[in-house]
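Structural overview for review
Spelled out, the chains give:
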Amino acid sequence: MTNQAFPIYTQPCGWNALLPHREARPAATGQLDVQYVVVGAGFTGMAAARRLSKLNPNADILLLEASTVGEGSSARNSGFLTREEYPSSNSAQDVEQNKVLNAFNTEAFDDLKQIIEDHQIECDFHASGRIRAAATPDGANTLRKIQQALESTGHATQTLDATSLNQLIGTSYYKFGVQTDTGHLVQPAALIRGLLGALPQQVQVHENSPVLDLKRHGKRWVLKTSSAQITADHVIMATNPSVKFFGYLQDKIVTIHTYAALTERLKPSEMASLGSLQSWGVLPAHRLGTTVRRVGADRLLVRSLYAYEHSLSETEVHEALRRRFHNRYPALTHIQLEHVWGGVTALTLNGSPYVGCLEPGLYASAGCNGSGIVKGTALGSYLAELAHANKIDPKILEAYGTANKILPDPFRALGFKVISAWESRKAGLES
Ligand SMILES: Cc1cc2nc3c(=O)[nH]c(=O)nc-3n(C[C@H](O)[C@H](O)[C@H](O)COP(=O)(O)OP(=O)(O)OC[C@H]3O[C@@H](n4cnc5c(N)ncnc54)[C@H](O)[C@@H]3O)c2cc1C
């Protein structure tokens with residue numbers, strides 16, 4: 001992936017496969033001259049294009065997507081909307097920073113909610129609460145700390161033991177859990193497709209139009225796809241990890257491949273065995289652990305596995321996800337994984353994203369670290385403000401922090417291997 005201008009996936013997105021077919025917008029062709037180009041039609045790019053059009057209703061705005069909307073990572077995720085993050089420590093400074101962060105996240109979340117309502121986007125967006133669950137004593141200790149952090153910032157939490165977890169979500173795999181009332185789930189492919197439909201006409205969208213070259217010419221930027229050359233005053237790179245291909249942020253973000261699967265449809269009697277909660281999403285106690293959620297009336301989703309800068313084999317992924325699902329639901333070992341897929345995302349060393357101006361007229365946001373539905377929406381909007389007025393509210397940078405530098409390769413690759421081997425061992429049954 002490091003040397004790829006855009007992600008190429010061998011497996012289609014399972015969420016998108018559940019939706020009716022849609023015709024892609026035509027690819028960009030010929031010579032184009034515009035004020036703004038947004039590269040990447042994920043949550044970040046959609047938010048940037050939306051905010052730009054509000055700030056500048058007469059500008060020409062082009063949104064270029066390498067693939068099709070519904071096949072990028074914004075559709076390939078697990079559909080957890082995270083707006084309430086918890087502070088990393090209970091120091092007054094961290095707690096205050098967390099409050100500001102959650103205020104910005106909430107603004108982005110409300111923005112998405114409003115668009116879903118206004119445009120009647122059918123994407124199964126709903127409040128589900130959140131369960132964090134641990135299978136090991138170490139995991140339980142981690143969750144107790146998270147519970148304290150959540151409570152210190154005013155969130156009501158409920159402790160769950162193995163029996164209550166089993167009653168709620170129908171598995172005896174987990175031994176300890178923490179439940180919060182806040183937390184929403186969504187069908188991510190339906191949401192991102194709906195956001196495309198909700199863009200104003202002013203935003204011209206071209207799919208199957210990967211940007212392959214990006215160069216500054218005087219004060220303007222020239223982008224090339226295989227069939228178009230576009231000259232623009234401002235370019236917003238909302239490509240997440242593939243911004244590295246163009247020579248930027250290589251010292252701040254790493255590309256991570258992670259994987260998800262949807263089960264085949266379960267019978268009503270099988271669904272009834274999945275506990276009393278009608279909608280739930282379970283986050284793991286360990287950051288390399290496995291996410292599970294119920295999907296609609298008759299499926300489950302399982303997400304797990306991480307690979308650094310490369311993809312894993314389809315067979316390996318299928319088998320690992322199947323094992324994780326069946327370990328949690330041994331009564332469902334006859335249930336197959338119907339859709340299995342991977343997606344890329346960008347991670348930073350300290351968990352803070354990069355958002356800012358790379359060069360005059362060139363802006364980027366990357367590294368939402370696995371919570372890009374809400375954060376990408378927030379940062380895409382701020383990036384549009386930066387491109388429009390050349391300034392950003394310093395509180396935003398304070399709240400989200402700034403991505404730290406990481407070591408260059410080969411030290412980075414080695415470091416990642418050592419850390420992930422150590423973390424995977426620590427994750428153990430949480431995987
Ligand atoms: C399996 C999985 C599960 C996840 N679960 C969650 C979750 O539950 N909740 C959550 O909030 N986040 C989750 N994430 C992370 C989330 O998907 C990302 O943070 C989010 O997609 C980031 O949005 P983005 O718009 O910044 O980037 P992306 O969604 O990656 O969008 C970038 C777009 O740019 C396009 N692009 C790239 N290069 C080019 C180019 N050269 N030219 C034109 N277009 C280009 C890509 O095709 C892509 O569509 C998950 C990720 C994965 C892979």
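Keep in mind it's a predicted model, so treat the numbers as computed, not measured.

Scoring rules and cut-offs
Residues numbered from 1 in each chain as written. Predicted model: local features only at pLDDT ≥ 70, side-chain atom pairs only at ≥ 80, totals over all residues. Heavy atoms only, no water. Salt bridge = Lys/Arg side-chain N within 4 Å of Asp/Glu carboxyl O. Helix = DSSP H or I, 4+ residues; strand = E, 2+ residues; numbered from the N terminus. Buried < 20%, exposed > 50% of the residue type's maximum accessible area, 1.4 Å probe, protein only. Pairing = 2+ DSSP bridges. Axes fitted to C-alpha atoms, helices over the stretch in contact; angles between N-to-C directions. Core = buried A, V, L, I, M, F, W, Y, C linked by side-chain atoms within 4.5 Å. Domains from an automatic or database assignment. Contact = heavy atoms within 4.5 Å. Expected span 1.5 Å × (residues − 1). Near = heavy atom within 4 Å. Polar contact = N/O pair within 3.5 Å; in protein donor to acceptor, adjacent residues only side chain to side chain. Areas by Shrake-Rupley, 256 points an atom, 1.4 Å probe, with all protein chains shown as cover.

Topic: the pattern of salt bridges
Side chains carrying opposite charge are able to pair once their charged atoms draw close together. Applying the stated criterion across every chain yields a total of 18 salt bridges. Between glutamate 359 and arginine 216 there is a salt bridge, with the nearest N and O atoms lying 3.2 Å from each other. Taken together, the residues glutamate 359 in strand S18 (residues 354-359) and arginine 216 in strand S10 (residues 213-217) connect sequence positions 143 residues apart. Overall, the relative accessible area of 40% leaves arginine 216 in the partly exposed class.

A closer look at the sheet that holds strand S6 (residues 157-161)
Taken together, eight strands build an open sheet; the order of strands is S6-S7-S5-S14-S15-S16-S13-S17 and the sheet is mixed. The sheet terminates laterally at S6 and strand S17 (337-348), the two strands that pair on one side only. Each strand of the sheet is rotated relative to its neighbour by a mean of 25°, with strand direction disregarded. Looking at chain direction, strand S14 (residues 281-284) and strand S15 (residues 291-295) are connected through two bridges and run antiparallel. Residue glycine 281 lies in a different strand from S15, and its bridge partner there is arginine 293.

Section: the nonpolar core
By size, the foremost hydrophobic cluster in this structure holds 60 residues, and its most contacted members are Val38, Met46, Leu63, Leu195 and Tyr400. Residue contributions to this core peak at nine residues, all from helix H10 (residues 372-389). Residue-level mapping places this core at the junction of two domains, with at least three residues from each of domain 1 (14-76 + 190-252 + 349-415) and domain 2 (126-184 + 255-348 + 422-430). With sequence-adjacent residues up to four places away left out, leucine 63 is seen in contact with Val38, Gly40, Ala41, Gly45, Met46, Ala49, Leu199, Val203, Gln204, Val205 and His206. Counting residues in hydrophobic clusters, the runner-up holds 31 residues, among them Ile169, Ala261, Val282 and Tyr329.

Considerations on helix H5 (residues 137-152)
Between the first and last C-alpha of H5 there are 23 Å, a value that for 16 residues agrees with the 22 Å anticipated at 1.5 Å per step. Considering only its buried residues, H5 is in contact with strand S5 (130-134), S6 and strand S7 (176-180).

Regarding the side chain of threonine 225
Of note, threonine 225 is situated in the loop between strand S11 (220-224) and strand S12 (228-237). A relative accessible area of 9% places threonine 225 in the buried class. Excluding residues within four positions of it along the chain, threonine 225 makes contact with Ala28, Ser209, Pro210, Val211, Leu212 and Ile230.

Notes on the site of the ligand
Taken together, the neighbourhood of the ligand is formed by 37 residues, with Ala5, Thr44, Glu65, Ser74 and Ser242 sitting nearest. Threonine 44 has a polar side-chain atom sitting 2.6 Å from an oxygen atom of the ligand. Here a nitrogen atom of the ligand and a backbone polar atom of valine 211 are 2.9 Å apart. Bound to the protein, the ligand loses 97% of the 1000 Å² it would expose on its own. Looking at the shell around the ligand, the elements with two or more residues in it are helix H2 (43-55), helix H3 (73-76), S17 and H10.

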